Structure formats: structure tokens, C-alpha cells
Amino acid sequence: MKVIICHPGTQYSHYLAIELYQHGYLSKFYTGIAFGNDHIVSKLNRFLPKKISRQLKTRIIENLPDKFIKRNIANELRAIYKIKKGLNQEQVFFKRNKSFQENISDKALKSANIVVGYDTSSWIIAKRCKNFGINFILDVSIGHPTSKNEIFKMLSEKYPDWSSQIQIKNQQLIDYERLENELATLIATPSSFVKTTYIQNGIDKAKIHVNPFGTDTSYFKFHQKNPIEKIKFLFFGSLTARKGLPLLLAVWEESKFDNAELTIAGFGELPDNYILPKNVIKRGKIAKEDRGKLFEEHHIFVFPSNFEGFAQVQIEAAVCGLPIISTNNAGGSEIVEDGYNGFLINPEQEIELKNVINFFINNKEQIAIMSENQKNIISNFTWTAYGKRWIDLLNKANS
């Protein structure tokens, strides 16, 4: 079986490329800027200044020979430049994704048994595959855009001070995504929540398959969580209403958890003139190589997100031994067994969030128990396990 993967950016597609290469299925990985482990850039990177080396490292794919990678560097650099100049990000990515698809030849597509593409960057490829009689599998990373718009409108009304962070997707772009869904032979989603949103928007459930993401366990190590004094909660993600941060901060402000501490870390800024509640510490962007230490310093991971695909940060936290407070909308039901290694709550439910935080504060001994239970969960969330599930899906599509 010959499989082509098409993704204009980075995200997680290179992990699939590695897994398919190791199983002998990968024909070519079409992307923007990426280098195999044997490319001269990869070999010279360790000699470059630390700042440049760190940025370039995210573009180096370990365990994948460069001959399997087809780059479109100019297209990606144009997009990066335009975003830095302040142009509309949605429109910049649309043009990048359109150009990326147009630059993959008919000959390349026809050489494959199966083509794997990704949401928002596959409507042209999917149509061509349909015309050529080639199976096309669409990987969607997040819930349906129409459902996302509905939740974003709710959040804008509920949290007007946070509304500048919320962007409603253009209907034309949604229509392109709908075309991708209709043309796909099969659709891979990272969580049952994502699958549900697509079914609710008219996509045939028979062709939707759930395959949760993995994580790179080499970056993260298990540490038993057994707080003696103050319990340290961690929120790690973009500082936005979508991630449930306004609700979390409101609960913290109202409840005044004096014997607990909350750290919020990640991209973005809080609304102007916002004053953090007592016992809340704000940290900024955390580099990938520093995440393990961040998780090691805390006891509970709290992520009351309103809309995700399957937030990988939850897997990272679980690998490090943190019990998790999550929502189904964050893909939490894929990794959290309620009362076993954490708790699932409904999005935007203040009382539920307050109750589970209080549970851990009042039952410290449960933290160590749930932490230990994470060891029994995480084997399903390696990239190897993810790759094996993909092999099953490819075989299904090719049968």
C-alpha cells in the first residue's frame, strides 16, 4: 500500500508520517518546512545559535529519512511573513492552503493508493482524488466549524471582555470544509466529541472513526503526586475563553481557595486591567522542553475547555502523573475515567468545577491514588498506539 500525507504546516502530521514509514506504508509526506533526520540542515542545527536552533528543531523530523519529504518552503515562508505583518490569519492560511494543494501534481496523487489530508487544507486534493478514483481520508483536528461558531457566539455574549480573542469563521471557509467532509472516503477524528459535532452537522457517522492523539513520551516522565501542604493546580493552554479560563478564574475568585494555588500558563494575554484572584500565578509561553518541569511542579491539571479536538496537553499531564479535571468538549472522555484518574465536568458549569476542585482539596489522599492510576491509562496515548490505529483505518479504506 502506498500512502501520501498532505499537510501544509506542522501540527502533528509528521508523527503519522513517521509511523507509516516504520510500517512501510509511506510514499511521500508533502508539507511546508520540514527536514528529515539525514538532511544537512538537521546535521548542522546543533552548531547554530541557541535561539535559531530551538526554532529550527520544530521543523526537524526525527526517525524519518529526508527522501520521504516534499517541501514547499516558499509558500510557508510567505504565510509566516504575512502573519508577522499583522494580516488576517484566517485569510493568510486559506491562501497558503490553496497554493499548497495546487502545487501537488496529478502524477503524485495517482501514484498513491490512499491520500491523507487535513481539515481546511484538502478541498482541492479531495476533489482530485475523487476524480481519479483514489481513496481520500480526511483528518479533522477539532470539532465542526458550525458548532464552533455557535459556542464562540455564546462565549462572546457571556464574556464580552474576552471577546477580542474570539473569531467567528467565515461561511465560505466553512463551505470548503463541508466539501472536504463530503468527498472523503473516511474521516478520522481525535475524540468522540468531534465525531458528535460532525454527525450533528449532517456527516454520515458510518465514515467517521475516532483515533485519539498520542504524545512524545521522551519529553515527559511520571512523577507521583502526593501533596503534603498546599495543592498546586495547573491550567496550561492559550489564555482564552475557548479554553474555559474565564470560568476557572471566576470560580477561583468566588471560592477563595486559601489552601490551594493555581498557575495559568500559555500563549496570550488577559483582558486589559484584569486583576488575578488571590493565589493565582500567571506564567507565559512554555517551551516544549520545559513542559515536563512545569508538570512536575504541580499536582492537578485543570482544563475546563469549551471546544477542542482532543487537547494533547491532557495526555502530557497524564504521562507526568497529574489527575485531570476536563470536559467532554476538550476530548476529556478519551483519557479521563471519572473518579479513577480525574473528573469530567460539563463546560461552563461553575458549581461542577468548584465541587471537583474542593474534592481534591478535601481529599488529598485521592491525588496520589489517581496519579498512580494514570500509569494504566497512558499506554493508549503514545504515537505508536496512534499509528497502529491508523494502520487499521488505512486497511479498512483499502479493502
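Report on the accompanying structure. It should be emphasised that the depicted structure is a prediction, and the values quoted were computed from it without experimental measurement.

Overall, parallel pairing links the six strands, which are arranged β12-β11-β10-β13-β14-β15 in an open sheet. Edge positions in the sheet fall to β12 (280–283) and β15 (342–345), since each has one partner strand and no second. Within the sheet, the average angular offset between the axes of one strand and its neighbour, ignoring direction, is 20°. Alignment of strand β11 (residues 260–265) against β12, held across four bridges, turns out to be parallel. Note that in β12 the partner of isoleucine 264 across the bridge is lysine 282.

What follows is about the sheet that holds strand β1 (residues 3–6). Through backbone hydrogen bonds, the strands of a sheet pair up, either in parallel or in antiparallel fashion. A sheet is described by the order of its strands in space; here seven strands give the open sequence β5-β2-β1-β6-β7-β8-β9, paired in parallel fashion. In the strand order of this sheet, the two ends are held by β5 (69–70) and β9 (208–210), each with one partner. Bridge count between strand β7 (residues 135–139) and strand β8 (residues 186–189): three bridges; the pairing is parallel. Across the sheet, aspartate 139 pairs through a bridge with alanine 188, a residue of β8. Contacting β1, β2 (26–30) and β6 (114–118), helix α1 (residues 13–22) runs over the sheet at an angle of about 165° to β2. Taken strand by strand, helix α16 (residues 383–398) contacts β1, β6, β7, β8 and β9, and its axis lies near 145° from that of β7.

Let us now look at the packing of aromatic side chains. Remark: the centre distance and the inter-plane angle together describe each pair of aromatic rings, the angle taken between the planes. For the coordinates displayed, the defined rule picks out 24 aromatic pairs. Geometrically, the ring pair formed by tryptophan 383 and tyrosine 386 is edge-to-face, given 5.0 Å between the ring centres and 85° between the ring planes. Of this pair, tryptophan 383 and tyrosine 386 are both found in helix α16, three residues apart, which corresponds to roughly one turn of the helix. Put simply, the rings of Tyr12, Tyr15, Tyr118, Phe213, Phe310, Phe381, Trp383 and Tyr386 touch in pairs and so form one group of aromatic residues.

Every α-helical turn comprises 3.6 residues, leaving residues that sit three or four positions apart pointing alike. Of the positions making up helix α10 (residues 192–200), those classed as buried are Phe193, Val194, Thr197 and Tyr198. In an axial view of α10, the angular spread of the buried residues amounts to 135°, which keeps them on one side of the axis. Contact partners of the buried residues in α10: α8 (145–158), α9 (171–183), β8 and β9.

Turning our attention to the packing of helix α11 (residues 245–255) against helix α14 (residues 350–362). When two helices pack together, their arrangement is given by the angle between their axes and by how far apart the axes lie. Contact geometry for α11 and α14: axes closest at 10 Å, N-to-C directions at 65°. In this structure, α11 meets α14 at a crossing whose hand is right-handed. Along its contact with α11, which presents Leu247, Leu248, Val251, Trp252, Glu254 and Ser255, the element α14 presents Glu350, Leu353, Lys354 and Ile357.

Once that is clear, we can look at the pairing of β11. The buried fraction of β11 amounts to six of the six residues, a majority that puts the element mostly inside the structure. A two-sided burial pattern is seen for β11, the buried positions comprising Ala260, Leu262 and Ile264 on one face and Glu261, Thr263 and Ala265 on the other. Relative to β11, strand β10 (residues 231–236) runs parallel, the two sharing six bridges. Bridging across to β11, leucine 234 finds its partner in threonine 263. In this view, the connection linking β10 to its parallel neighbour β11 by way of α11 has right-handed handedness.

All right, on to unusual backbone geometry then. In this structure, asparagine 63 is a non-glycine residue whose phi angle is positive, near 70°. Considering the arrangement of structural elements, one finds asparagine 63 in the loop between β4 (60–61) and β5. Although it is not a glycine, asparagine 279 adopts a positive phi angle of roughly 65°. Inspection of the secondary structure puts asparagine 279 in the loop between β11 and β12. Note on asparagine 279: relative accessible area 21%, which makes it partly exposed.

Okay, α11 next. Counting buried residues along α11, eight of its 11 residues qualify, which places the element largely inside the surrounding structure. Among the residues of α11, those classed as buried are Leu245, Pro246, Leu247, Leu248, Leu249, Val251, Trp252 and Ser255. Summarising the contacts, the buried residues of α11 are in contact with β10, β11, β12, β13 (300–303) and α14. Of the residues flanking the end of α11, it is lysine 256, one or two places downstream, whose phi is positive at about 50°.

Residue position: glutamate 19 is located in helix α1. At 8.0 Å, lysine 388 is the nearest oppositely charged side chain to glutamate 19, a buried residue that forms no salt bridge. Beyond its immediate stretch of four places on either side in the chain, glutamate 19 contacts Trp383, Thr384 and Gly387.

Cut-off values and rules
Residues numbered from 1 in each chain as written. Predicted model: local features only at pLDDT ≥ 70, side-chain atom pairs only at ≥ 80, totals over all residues. Heavy atoms only, no water. Pairing = 2+ DSSP bridges. Helix = DSSP H or I, 4+ residues; strand = E, 2+ residues; numbered from the N terminus. Axes fitted to C-alpha atoms, helices over the stretch in contact; angles between N-to-C directions. Contact = heavy atoms within 4.5 Å. Phe/Tyr/Trp six-rings, centres within 6.5 Å; stacked < 30°, edge-to-face > 60°. Buried < 20%, exposed > 50% of the residue type's maximum accessible area, 1.4 Å probe, protein only. Arc of directions from axis to C-beta. Left-handed = near helix turned anticlockwise from the far one by under 90°. Right-handed = clockwise from strand over helix to strand, strands pointing away. Lys, Arg positive; Asp, Glu negative; His and termini not counted. Salt bridge = Lys/Arg side-chain N within 4 Å of Asp/Glu carboxyl O.

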